[in-house]
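Observations on the model geometry
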Amino acid sequence: MMHDSVGWHIELEFEEDDLHTRAAAMVRLPDGSEVRAHGHATRHRVDANQPRVGEEIAGARALNELAMRLLTKAHEEIDADSGRISHPIHV
C-alpha cells in the first residue's frame, strides 16, 4: 500500500525593539488555504536584552495559536462534511 507524502512549511517572522518581540506565523496548506497566527513577548526592563529568548517565546506563542486555529479549521471541516457537531480535539 502506497502512502502519499505531504509536507507543510511554516513561516515565522519577527519584529523587535528593545522591550518587545512580535511573531507572525503562517502555514500554507496543500489546498492553497493559509492559516495565520501571532505571538508576542515583552522583556522586563531589569532583564538582560536577549533577542533570541524573545523570539523563542513570541514564536512559541504564535505556533501555539496556529495549532489552535488548525484544530478549529479541522472541526469546521468535519462538521461541514458530516452534518453534525464534532467532539473537541484536545492537545
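Preceding block: the structure.
Residues numbered from 1 in each chain as written. Predicted model: local features only at pLDDT ≥ 70, side-chain atom pairs only at ≥ 80, totals over all residues. Heavy atoms only, no water.

**Remarks on a nonpolar patch on the surface**
Formally: Here, patches come from residues exposed beyond 30% relative accessible area and free of salt bridges, joined within 9 Å for like charges and within 5 Å for nonpolar side chains (Val, Leu, Ile, Met, Phe, Trp, Tyr). Per-residue and other accessible areas follow the Shrake-Rupley method at a 1.4 Å probe size, with only the shown protein chains counted as cover for residues. We count a salt bridge whenever a side-chain nitrogen from Lys or Arg sits within 4 Å of a carboxyl oxygen from Asp or Glu. The helix and strand labels rest on DSSP assignments: H or I over at least four residues marks a helix, E over at least two residues marks a strand, and numbering proceeds from the N terminus.
The grouping of Ile10, Leu12, Phe14 and Leu63 at the surface amounts to a nonpolar patch, some 310 Å² of accessible area in total. The leading source of residues in the nonpolar patch is strand E1 (residues 10-16), at 3 residues.

**Section: the pairing of strand E3 (residues 34-42)**
Here is the rule we go by: Note on classification: 1.4 Å probe, protein chains only; a residue is buried when its accessible area is under 20% of the maximum for its type, exposed when over 50%, partly exposed between these limits. Pairing between strands is defined by DSSP: at least two bridges between them are needed.
Here E3 shows a clear split, with Val35, Ala37, Gly39 and Ala41 buried on one side and none of Glu34, Arg36, His38, His40 and Thr42 buried on the other. Linking strand E2 (residues 20-28) back to E3 in an antiparallel pair, the connection comprises 5 residues, with Gly32 at a positive phi of about 95°.

**As for the sheet that holds E2**
Applicable threshold: Working convention: axes come from line fits to C-alpha atoms, limited for helices to the stretch in contact. Angles between N-to-C directions cover 0 to 180 degrees. Throughout, a contact is declared for two residues whenever any of their heavy atoms are within 4.5 Å.
On the basis of which strands lie adjacent, the open sheet formed by 3 strands has the order E1-E2-E3 and antiparallel pairing. The strands lining the two open edges of the sheet, one partner per strand, are E1 and E3. Shown here is a sheet whose adjacent strand axes are inclined to one another by a mean of 15°, direction ignored. The pairing of E2 with E3 spans 9 bridges and is antiparallel. Within the sheet, the bridge partner assigned to Met26 lies in E3 and is Arg36. Each of E1, E2 and E3 is contacted by helix H1 (residues 51-82), which is oriented at about 145° to E3, the strand it contacts most.

**Some points on the environment of His9**
Positionally, His9 belongs in the segment before E1. In the structure, His9 is positioned 74 residues away from Gly83 in sequence and 31 Å away in space, judged by C-alpha atoms. In this structure His9 touches Met26, Val27 and Arg28, once residues within four positions along its chain are discounted.

**A few points about the pattern of salt bridges**
A complete count under the given rule lists 5 salt bridges for this structure. Among the salt bridges present, the one from Arg69 reaches Glu65, with a minimum N-O distance of 2.6 Å. Separated by 4 residues within a single helix, Arg69 and Glu65 lie in helix H1, roughly one turn from each other. Take Glu65: its relative accessible area is 25%, and that puts it in the partly exposed class. Look at the salt bridges and you will find they share partners, linking Arg28, Glu34 and Arg36 into a network.

**A word on the environment of Arg22**
Within the secondary structure layout, Arg22 lies in strand E2. Distance from Arg22 to Thr42, taken between C-alpha atoms, is 8.8 Å for residues 20 residues apart in sequence.

Read these as spatial facts, not as claims about activity.
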